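What follows is each chain in one-letter form.
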Amino acid sequence: MKRAPLLPVLRSVLAATALCATAIAAQASVLILGAPATADGLTDVQSKIAATGIVGGTIDVFNVNTGTPSLAMLTPYDAVLVYLDSGAPGKRFADAKLLGNVLADYVDLGGGVVEAGLSNATTGLGGLDGRFMTANYDVFNTNNNQGACSGPANVLVPDSPLMRDIGSFSAGLSSLCYKLTPKAGAQVVAAWPDNRPLAGLRTDHNGIVVGLNVWPGTGNPVSGPSGMTTSNAMLMATSLAFAAGELPEPGSLALIGIAALAAGMAGRRRARASSVTTAAGVEAQRRAVATV
């Protein structure tokens, strides 16, 4: 009997798994962990990400300038976005080291993390700390050299899920970014005109980690100072969906493989969450988180 070629069979299996990943995560819930510079900063980022329609489930917020979530609080969510708006005293993470430790633990359980904004600075200027940084869960090496990054950015990997529907990218007139370099094990998929990275990812831990060298900010959604442009909102939303295991249609075997990986991660994380908490408890916890 003639055997079917292995590669097409493998591709079919992985494609089916990828479709399951999309179906499972169609209602992916995410949590925005922001240290905003203004009172409406968190709700501004939340509303713009929600407006893209890319994240199908709950989008909650937690102010990490005033507190640090526990691992139990993060576990019900499929992915989190962590960012810092300002390195000024009083505007930083409440506990950068504890937050970094919790994020690393969350990734170990299969949770997805998207790191953005000034959290890429060194700890001396308020950046993330703890095991997330010291054990190389993050995508970029920290750097305090800043510059304006209004774009347009260069897409290096056009078929990357992070670049879906983003033909060009501009982050606003005065959006800050750092002169970062990728860490070993990370892939850069988009770069600013001066070749500093804009977006990258790594899949060498239990959960997917995305690094974005851009400031979510607040203000006019198109051109205000440090404004969050439409493409910026889409990049944040797509990154969260990708980290959560909700992938856009993968166009290559490599992306299908990542889809399968993400599906497995999301499934394992959900199994752990359901084993320790009830549906009612999760809903009550989400309501509590949304009010912080």
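Let me sum up the structure you'll find in this document. Computed from a predicted model, the values in this text were never measured in an experiment.

The rules behind each value
Residues numbered from 1 in each chain as written. Predicted model: local features only at pLDDT ≥ 70, side-chain atom pairs only at ≥ 80, totals over all residues. Heavy atoms only, no water. Helix = DSSP H or I, 4+ residues; strand = E, 2+ residues; numbered from the N terminus. Buried < 20%, exposed > 50% of the residue type's maximum accessible area, 1.4 Å probe, protein only. Contact = heavy atoms within 4.5 Å. Areas by Shrake-Rupley, 256 points an atom, 1.4 Å probe, with all protein chains shown as cover. Pairing = 2+ DSSP bridges. Salt bridge = Lys/Arg side-chain N within 4 Å of Asp/Glu carboxyl O. Core = buried A, V, L, I, M, F, W, Y, C linked by side-chain atoms within 4.5 Å. Right-handed = clockwise from strand over helix to strand, strands pointing away. Phe/Tyr/Trp six-rings, centres within 6.5 Å; stacked < 30°, edge-to-face > 60°.

Another point: the overall build of the protein. Secondary structure summary: the protein contains eight helices and twelve strands in total. Buried residues in the protein amount to 52% of all 292 residues. For the protein, restricting intrachain contacts to residue pairs at least 6 apart in sequence, the fraction spanning at least 24 positions comes to 75%. Surface exposure of the protein reaches about 11,600 Å², of which carbon and sulfur atoms provide 58%.

Moving on, we get to unusual backbone geometry. With a phi angle near 60°, Asn136 is a residue other than glycine that sits in the positive phi range. Structurally, Asn136 can be placed in the loop between helix 5 (131–134) and strand 5 (140–141). What makes Asn136 partly exposed here is its relative accessible area of 36%.

This part covers the environment of Pro152. If you trace the backbone, Pro152 turns up in the loop between strand 6 (146–148) and strand 7 (154–155). Classification of Pro152 as exposed rests on a relative accessible area of 55%. Beyond its immediate stretch of four places on either side in the chain, Pro152 contacts Phe169 and Pro193.

Within the open sheet, the eight strands sit side by side as 2-1-3-4-12-11-10-7. Their pairing is mixed. Looking at strand neighbours, the two that pair on one side only are strand 2 (59–63) and strand 7, the edges of this open sheet. Two elements, strand 7 and strand 10 (residues 187–191), share two bridges in a ladder whose sense is antiparallel. Across the sheet, the residue bridging to Asn154 is Ala191, located in strand 10.

Taken as a whole and assessed by the stated rule, the structure comprises five salt bridges. Of the charged contacts, one joins Asp105 and Arg131 as a salt bridge, the two residues approaching to 2.6 Å between their closest N and O atoms. One end of the pair, Asp105, is in helix 4 (residues 96–108); the other, Arg131, is in helix 5, with 26 residues separating them in the sequence. Its relative accessible area of 27% is what places Arg131 among the partly exposed residues. A salt bridge links Lys183 to Asp138; the shortest N-O distance between them is 2.8 Å. In this pair, Lys183 sits in the loop between strand 9 (181–182) and strand 10 while Asp138 sits in the loop between helix 5 and strand 5, placing the two residues 45 residues apart along the sequence. Considered together, Lys183 and Asp138 belong to a single accessibility category, that of buried residues. Each of Asp105, Asp108 and Arg131 takes part in salt bridges that share partners, so that together they form one network.

Attention now goes to the nonpolar core. The biggest cluster of nonpolar side chains holds 39 residues, and the ones touching the most others in it are Ile32, Ile49, Leu81, Leu198, Val210, Leu212 and Leu240. A per-element tally of this core places helix 6 (residues 230–243) first, with seven residues. Not counting residues up to four positions away in its chain, the partners in contact with Leu212 are Val114, Glu115, Ala116, Gly117, Asn120, Phe140, Leu198, Ala199, Leu235, Met236 and Ser239.

With that settled, the discussion passes to the pairing of strand 3 (residues 79–84). Of all the six residues making up strand 3, six are buried; the element is thus mostly covered by neighbouring parts of the structure. Two elements, strand 1 (residues 30–35) and strand 3, share six bridges in a ladder whose sense is parallel. Opposite Leu31, over in strand 3, you have Val80 as the bridge partner. For the crossover that starts at strand 3, traverses helix 4 and ends in the parallel strand 4 (residues 112–117), the hand is right-handed.

In terms of burial, strand 11 (residues 197–202) is a largely internal element, six of the six residues being buried. Pairing of strand 10 with strand 11 involves four bridges; the strand directions are antiparallel. By the bridge assignment, Val188 is partnered in strand 11 with Gly200. The hairpin turn running from strand 10 into strand 11, its antiparallel successor, is five residues long, and Asn195 in that turn takes a positive phi close to 75°. Here strand 11 folds back onto strand 12 (residues 209–212) in antiparallel fashion, the turn holding six residues.

Evaluation of the coordinates by the stated rule reveals one aromatic pair. Residues Phe132 and Tyr137 carry aromatic rings whose centres are separated by 6.2 Å and whose planes lie at 25° to one another, so their mutual orientation is stacked. Taken as a pair, Phe132 and Tyr137 share a single burial class, namely buried.

Let us now look at the environment of Ala243. Structurally, Ala243 can be placed in helix 6. Classification of Ala243 by relative accessible area gives buried; the value is 5%. Taking the C-alpha atoms as reference, Ala243 lies 7.7 Å from Gly111; in sequence the two are 132 residues apart. Discounting residues that sit within four places of it in the chain, Ala243 has contacts with Asp78, Ala79, Gly112, Val113, Val114, Ile208 and Val210.

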